[in-house]
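Chain by chain, the residues:
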Amino acid sequence: MPVTEFATKELYRYQNGFNNHLESEAIQGALPIGQNSPQKPPYGLYAEKLSGTAFTAPRHENKQTWLYRILPSCAHPPYQPSPESRAAQEGADTSKLRYIPNQLRWDPFDHNEARDLDFVSGMRLVAGAGDPTLKQGIGMLVYAAGKSMDEKSAFYSADGDLLIVPQEGDLNIRTEFGWLLVRPMEICVIPRGVKYQVLLSSGPARGYALELYQGHFNLPELGPIGSNGLANARDFQAPVAHFSEDFGATASEGSNSFDITVKLNNTLFYTRQAHTPFDVVGWQGNYYPYKYDLGRFNTIGTISYDHPDPSIFTVLSAPSGVPGTAVADFVIFPPRWLVGEDTFRPPWYHRNTMSEFMGLICGGYDAKRGGAGGFVPGGASLHNVMSGHGPDADSHEGARNAQLAPVKVGGGSCAFMFESCLMVGVTEWGLRTCKKVQEGYSEESWGGVKTHWAKPAGKEVRSHLAE
Ligand SMILES: O=C(O)Cc1cc(O)ccc1O
Ligand SMILES: [Fe+2]
């Protein structure tokens, strides 16, 4: 398909639901009936299984999809190290993460003003935990893309499932499974191994991403909330099959050249193959890319008193194996009513056994000042395991003295958090190369926190050490 046509609405038809077994045929009859791998699949297609869990994973966790395609994925020349490999060039080496107890905040990451980078070459690892080679941990990334990926290119990550949070610019994502349009205030998840191409239809793009080296995202348990609420299953959308026909008489005889880039252990490799990877005529399974509109989130909060834990705002959660403890929660702070009586309404001061990486999609955040040098869209913060944080001094004073009428906060705003049970380290790129770390963040936020201690007169002091 010519790249000029990728914005046509007809491409973006979806199937709804979360974690369903779905099937889609771009031509009726492309899927075999009653079996997965007949001697000759329909229309001369190849059957190819893509697994997202061990073959033997328990049935309720098992993820796989059968793809029916013109040529199988294995037909390609050997991968070579890519000249764009970030591990070598951009300080993204996960074996050299710095673990820092200080609160960190970043000014907005740069756009790709030179327009020479695409989604893949413009992606940077800021922070992470664990190791993709052990399939343990997570990566926190940002991307700045000034141009579309080449029409004859595709990317996949062998490292994990990638949750993409656009902050500016629409992403028209062509996947092996079909197309997804993902705009700011929407997110998508591209599972490990799925090939895709990111095209831009509204100018340069910038955003965040969370890569999950282990397991998969799930909807959080709802407990006493009941059977609906937070992100509802029906609002997740998967693509429908859509294919193109660039191929030759054999896998290596095609006249076309498709550059395939793979990220493996946070290192890029590439190869050039003769046939398109976007040749899937039908697919069926429960391992597929999907998108979600954050505007559909059903936000729940107190209607009496006290500020609830931010887990009430969890969109997607990736379990660690320890009950109730996430390797990564994706949490949002959308516009909402605050009505708590006799309540300090912003987030309380806290030290968390989990680490908190935050970003801002649009607007402001009620616990932090905006403006230059503050917490602003396109920027980020990291409060590592047990790093004390909370509202900055001015936000605290404001909230302490506020008239507690019902108020709508965050109009036109949405902050988010990647919260993890793992200690998070910062890459060389995140700490130095990007040049966005705000040196004065901690002192500026909390250096001015006032003492309100009012020692009661006439009361016995039961235990006290004189200075
Ligand atoms: O630190 C933050 O701003 C995130 C956060 C928000 C909240 O409402 C409660 C706890 C928390 O960590
Ligand atoms: Fe926090």
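Residues numbered from 1 in each chain as written. Chains lettered and ligands numbered in written order. Predicted model: local features only at pLDDT ≥ 70, side-chain atom pairs only at ≥ 80, totals over all residues.

J.: Looking at this structure, how should I read the UniProt feature "binding site: homogentisate" (unreviewed entry) in the chain?
T.: Under the present numbering, the feature "binding site: homogentisate" (unreviewed entry) in UniProt falls on Tyr-365 and His-389. These annotated residues cover 25 residues of sequence, and their C-alpha atoms all fall within 14.2 Å of one another, placing them together at a single site. As for its position among the elements, Tyr-365 is in the loop between strand 24 (355–362) and strand 25 (380–383). By C-beta crowding, Tyr-365 is classed as buried, having 26 other C-beta atoms within 10 Å. (UniProt positions renumbered as here; feature names shortened; annotations may be inferred. Helix = DSSP H or I, 4+ residues; strand = E, 2+ residues; numbered from the N terminus. Buried ≥ 20, exposed ≤ 12 C-beta atoms within 10 Å, placed from the backbone.)

J.: Just to check I follow, could you spell out unusual backbone geometry for this structure?
T.: Of all residues except glycine, most have a negative phi; of all peptide bonds, most are trans. Non-glycine residue Asn-19 carries a positive phi angle of around 60 degrees. Located in the positive-phi region is Met-386, a residue other than glycine, with phi close to 70 degrees. Within the secondary structure, Met-386 sits in the loop between strand 25 and helix 2 (393–401).

J.: Whenever I open this one, the domain arrangement of the chain confuses me. Can you help?
T.: It is common to report an interface's size as the accessible area lost on association of the parts. Segmentation of the chain into domains returns domain 1 (3–90 + 118–293) and domain 2 (295–446). Using only C-alpha atoms to locate each centre, domain 1 and domain 2 end up separated by 29 Å. Opposite the 34 residues of domain 1 that make contact, domain 2 presents 35 residues. If you list the elements that add at least two residues to the side of domain 1 that touches domain 2, you get strand 7 (123–131), strand 8 (136–145), strand 10 (161–168) and strand 15 (205–212). Classifying every residue of the side of domain 1 that touches domain 2 by side-chain character gives 19 nonpolar, ten polar and five charged. (Domains from an automatic or database assignment. Contact = placed C-beta atoms within 7 Å. Nonpolar A, V, L, I, M, F, W, Y, C, P; charged D, E, K, R; others polar.)

J.: Sorry, what's going on with the UniProt feature "binding site: Fe cation" (unreviewed entry) in the chain here?
T.: As annotated by UniProt and renumbered to match this structure, "binding site: Fe cation" (unreviewed entry) occupies His-350, Glu-356 and His-389. Look at the named residues: they lie 40 residues apart in sequence, but the longest C-alpha span between them is just 11.5 Å, so in the fold they bunch up. As for its position among the elements, His-350 is in the loop between strand 23 (336–338) and strand 24. Assessed through the 14 C-beta atoms surrounding it within 10 Å, His-350 is described here as partly exposed. Excluding residues that lie within four positions of it along the chain, His-350 makes contacts with His-389 and Gly-390.

J.: Sorry if this is basic, but what is going on with the sheet that holds strand 2 (residues 22–25) here?
T.: Sheet strands pair by backbone hydrogen bonding; their relative direction is either parallel or antiparallel. Spatially, 2-19-4-3 is the arrangement adopted by the four strands of the open sheet, whose pairing is antiparallel. Among the strands making up the open sheet, the edge pair consists of strand 2 and strand 3 (46–51). Here the average twist between neighbouring strands, direction ignored, is 20 degrees. (Pairing = 2+ DSSP bridges. Axes fitted to C-alpha atoms, helices over the stretch in contact; angles between N-to-C directions.)

J.: Even after reading the chapter, I still don't get the site of ligand 1, so can you show me in this structure?
T.: Close to ligand 1 lie His-307, Pro-310, Pro-347, His-350, Asn-352, Glu-356, Ala-367, His-389 and Met-417, which account for all nearby residues. Partitioned by chemical class, the residues of the shell around ligand 1 number four nonpolar, four polar and one charged. (Near = placed C-beta within 6 Å.)

J.: Help me out: how do you make sense of the confidence of the model for the chain in this one?
T.: A low pLDDT means the predicted coordinates there should not be read in detail. In the predicted model, the chain carries a mean pLDDT of 95, and 98% of its residues have values of at least 70. Interface predicted TM-score (ipTM) for the complex: 0.99; the corresponding pTM is 0.97. (pLDDT = per-residue confidence, 0-100.)

J.: Which parts of the structure should I look at to understand the pairing of strand 14 (residues 196–200)?
T.: Consecutive side chains along a regular strand alternate between the two faces of the sheet. Most of strand 14 sits out of view: five of its five residues are buried. Residues of strand 14 alternate between two faces, with Tyr-196, Val-198 and Leu-200 on one and Gln-197 and Leu-199 on the opposite face, all of them buried. When strand 11 (residues 171–175) meets strand 14, the two strands line up antiparallel, connected through five bridges. Along strand 14, the bridge assignment pairs Arg-174 with Gln-197.

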